[in-house]
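# An overview of the molecular structure
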Amino acid sequence: MEVNFFKEMGVKNGISRLFVGGVHGKEGLSTINAIKMAENITVNGGSLVLCNFPPSPYLSTLDPLYYLSLAGSKLLDRVMKNQPEIYLELHCYHPENYTKLTRQDRKEKFGVPGLVELENGVLIGSVSPLIRSTFFDLNDFPFTLEMPCNPSEESLQTCREIMEIVAGSGNRQEIMEKLSSAYPQRVETLNSYFKDFSRNFHSAFEKIKQKSLKTPLKDYPALEKLINDVLDEGNFDLNPVQIKQLEGAFLIFKEYGSFKSCKLNTNKSET
Ligand SMILES: [Zn+2]
């Protein structure tokens, strides 16, 4: 099956949605099956762009190098073009990685909470914090859906149901409410992760950005000092892995030309 895929659906103005597969490695060979299923779903106002990328070297999306690689920059080009408020990254995993993705201590080890299983091996969680604060507003919906690689019909059906909810909704709150009626406890967990993210990582990152505008950073140690100052001044509950991620997120923010401030200043209806 052809792995490259691109399709724009819906109308140009209004809410922007992007579903993307084949983010890294050979995942596109599996995610194309779900992306193609989304071709005929109903888009409720605004637009939906479906996109699937061909194989690329595997770099984790928790590694800042991914976003500086060819595959990562192609993905972010797409994000910058569409400026989605609703963003779904489709990934796939091998069975031996299930525990690594869902474990309770994933935040301690990898800086992000464990993904939550919906049904049929389909897992959900937020996208990498490296782009979460850089390319999205706090109340956007930037999520990751992980299906087993070579997905079964049942797994694909679960993905389809989630994609239908997401394409049929106009904002994060609406999506979470609909998901909650199908998976109440899972959504409660996701909401608690969101609160934690908003109070800690997101707030610290906003402070770092504000401070960096006042004090231009000369070199890397200056960035480390700025981050330490922010952490000393605020009462953030962040572990060492997350503090490293703040640094990575800031470097990506800089590399992509302070994208978010551009996003806030662009009038979408004119473009
Ligand atoms: Zn992946």
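Residues numbered from 1 in each chain as written. Predicted model: local features only at pLDDT ≥ 70, side-chain atom pairs only at ≥ 80, totals over all residues.

## Regarding the sheet that holds strand β2 (residues 16–21)
An order of β1-β3-β2-β4-β7-β6-β5 is seen for the seven strands of this open sheet, with the pairing classed as mixed. Looking along the sheet, the strands with just one partner apiece sit at the ends: β1 (5–10) and β5 (116–119). On average, each strand axis in the sheet is inclined to that of its neighbour by 20 degrees, with strand direction left out of account. As paired strands, β1 and strand β3 (residues 47–52) are joined by six bridges and run antiparallel to one another. Following the sheet pairing, F6 is matched in β3 by C51. Contacts between helix α9 (residues 184–214) and the sheet are confined to β5 and β6 (122–126), with β5 contributing the most and set at about 150 degrees to the helix. (Pairing = 2+ DSSP bridges. Helix = DSSP H or I, 4+ residues; strand = E, 2+ residues; numbered from the N terminus. Axes fitted to C-alpha atoms, helices over the stretch in contact; angles between N-to-C directions. Contact = placed C-beta atoms within 7 Å.)

## Side note on the confidence of the model for the protein chain
Overall, the predicted model of the protein chain reaches an average pLDDT of 93, with 95% of residues at or above 70. Across residues 264–271, where pLDDT falls below 50, the model places three contacts with residues more than four positions away in sequence or in other chains. (pLDDT = per-residue confidence, 0-100.)

## With respect to the nonpolar core
Among the nonpolar cores identified, the biggest contains 60 residues, and F19, I35, L88, L145 and M163 are the most heavily contacted of them. Here this core takes seven residues from α9, the largest share from any one element. Summarising the domain contributions, this core has at least three residues from each of domain 1 (5–183) and domain 2 (195–270). Excluding its chain neighbours within four sequence positions, the residues that come into contact with L145 are L88, L90, V122, I124, C159 and I162. (Core = buried A, V, L, I, M, F, W, Y, C linked by C-beta atoms within 7 Å. Buried ≥ 20, exposed ≤ 12 C-beta atoms within 10 Å, placed from the backbone. Domains from an automatic or database assignment.)

## Let's talk about α9
Between its first and last C-alpha, α9 extends 44 Å over 31 residues, near the 45 Å set by a 1.5 Å rise per residue. The sharpest bend along α9 reaches about 40 degrees and sits at F197. On its buried face, α9 is in contact with β5, β6, α6 (129–135), α8 (172–182), α10 (220–233) and α11 (240–255). (Expected span 1.5 Å × (residues − 1). Bend = angle between axes of the 7 residues up to and from the residue.)

## Overview of the packing of α9 against α11
Axis angle and axis distance: for two packed helices, these are the angle between their axes and the distance between the axes, and together they describe the pair. Between α9 and α11, the least distance of the axes is 11 Å, while the angle of their chain directions is 45 degrees. The angle between α9 and α11 places the two elements in the oblique class. In this structure, the crossing between α9 and α11 has a hand that is right-handed. Every residue of α11 that contacts α9 at F201, A204, F205, I208 and K209 is listed here: Q242, L246, A249, F250 and F253. When its residues are assigned to classes, the contact of α9 with α11 shows eight nonpolar, one polar and one charged. (Parallel < 35°, antiparallel > 145°, perpendicular 65-115°, else oblique. Left-handed = near helix turned anticlockwise from the far one by under 90°. Nonpolar A, V, L, I, M, F, W, Y, C, P; charged D, E, K, R; others polar.)

## Some points on unusual backbone geometry
In this structure, Q83 takes a positive phi of about 45 degrees despite not being glycine. Relative to the helices and strands, Q83 resides in the loop between α3 (70–82) and β4 (86–93). The residue N120 is not glycine, and still its phi comes out positive at about 50 degrees. In this fold, N120 is placed in the loop between β5 and β6. Of the residues examined, N120 has 16 C-beta atoms within 10 Å and is grouped as partly exposed.

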